[in-house]
Amino acid sequence: MRHSAIYPFTAIVGQEDMKLALILNVINPSLGGVLIKGEKGTAKSTAVRALADLLPAMETVKDCKFHCDPQDNNQLCGICQESLASHKQLVVQAAKMRVVELPVSATEDRVVGTLDIEYAIKHGEKKFEPGILAQANRNILYVDEINLLDDHVVDVLLDAAAMGVNRVEREGVSYVHPARFVLVGTMNPEEGDIRPQLLDRFGLSVIVSGEHDPDKRVEVIKRRLAYEANPDKFLQLYQEEQETLAQQIIQARQLFPTVSIEDELLTLVAKIAIALEVDGHRADIAVIKTALTLAAFAGRITVTSSDIQEAARFALPHRMRRRPFEEGILDWKKVEALFGDQ
């Protein structure tokens, strides 16, 4: 089998919520990533790699450690900015979106990178060794078993995901570089949970489980065996679907800045958050941003109440207030009642 043959995203059977949550984050990385809870063997990592492979190559600055976008001057690293200031032309190359994996054993220095303080003192210049966040810029950062990661490292990840930059400070010396990535964390709740404060900072969450429909389980087996027997032939079967979905995602990215939402729907989201007694305002914002992205994916420039309802399914369940020894549960009847009043 060719090592480069990635299982097609459109060939994955079921797991519709997980697939949609991943697509929405690729369209709009500012959503804040997705937390996927569920048992092993449910195509979580397959879906992430397949989605990265689905998308066409993007333009990056050649030899830039942070894969800067040459078309976005506001998101360039310091080195690329200095090149432009010196009237040097940035050399452009094409690169596929990558899946950067963060191991559970990763230390903070491995994640954020390191500053060589001795070099800075001797030479008066900053010397930065990029970490995993540098590799992840404009890519997908995949953290399997994120609930087993050190809380402090999770905090650093979520800070960078929210701010779009990674700031390293040591001994009064600081270094900043762009860190805009799609964060995908997976966990099996049976192996431990993560703190509610960290849960709240994930944009979306979904729960995945194995298929319980015998026909769908058989289809999973058939497709997997066909893929392993002849990957090239299998890829050809899904080529058209793959290209159609990739084009839909690209069009949604272009359409997203023009999507608008009426004040009436903003009020509806506020009422939902109040009725469900969620803490803070992050939930409201997450629902609105998700609804805007859903509208763009559907090819529309206005948000509908259906977008709000669907966005709530992704953005609210992990933000429900939890009492000690209790699971936060989304009371969907309260949400439906508010939609019924519209």
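Predicted model, so just to flag it, every value in this text is computed and none were measured.

Colleague: What is the right way to read the domain arrangement of the protein from this model?
Modeller: Once the domains are mapped, the protein shows domain 1 (32-55 + 97-208) and domain 2 (257-340). The gap between the C-alpha centroids of domain 1 and domain 2 is 26 Å. Facing 11 residues of domain 1, the contacting portion of domain 2 comprises 11 residues. Taking both sides of the interface into account, the surface hidden between domain 1 and domain 2 amounts to around 900 Å²; carbon and sulfur atoms contribute 44%. Broken down residue by residue, the surface that domain 1 buries against domain 2 is led by Asp200, Leu204 and Ser205, which jointly contribute 50%. The interface formed by domain 1 and domain 2 holds zero salt bridges in total. For the pair domain 1 and domain 2, the number of links is three residue pairs in polar contact (both at pLDDT 80 or more). Of all the elements in the fold, those that place two or more residues in the side of domain 1 that touches domain 2 are helix H8 (196-199) and strand E11 (204-208).

Colleague: Sorry, what's going on with the pattern of salt bridges here?
Modeller: On inspection of all chains with the given rule, the structure shows 10 salt bridges. Of the charged contacts in the structure, one is a salt bridge between Asp69 and Arg138, with a shortest N-O distance of 3.8 Å. Of the two residues, Asp69 is situated in the loop between strand E2 (58-61) and helix H3 (78-85) and Arg138 in the loop between helix H6 (132-136) and strand E7 (140-143); the sequence distance between them amounts to 69 residues. Owing to a relative accessible area of 21%, Asp69 belongs among the partly exposed residues under this scheme. Residue classification places Arg138 among the buried residues on the basis of a relative accessible area of 18%. Glu219 serves as the salt-bridge partner of Arg223, at 2.9 Å between the closest nitrogen and oxygen. Of this pair, Arg223 and Glu219 both sit in helix H9 (residues 214-229), separated by four residues, roughly a single helical turn. Because the salt bridges share partners, they merge into one network encompassing Asp17, Glu310 and Arg313.

Rules used in this analysis
Residues numbered from 1 in each chain as written. Predicted model: local features only at pLDDT ≥ 70, side-chain atom pairs only at ≥ 80, totals over all residues. Heavy atoms only, no water. Domains from an automatic or database assignment. Contact = heavy atoms within 4.5 Å. Buried area = accessible area lost by both parts, 1.4 Å probe. Salt bridge = Lys/Arg side-chain N within 4 Å of Asp/Glu carboxyl O. Polar contact = N/O pair within 3.5 Å; in protein donor to acceptor, adjacent residues only side chain to side chain. Helix = DSSP H or I, 4+ residues; strand = E, 2+ residues; numbered from the N terminus. Buried < 20%, exposed > 50% of the residue type's maximum accessible area, 1.4 Å probe, protein only.

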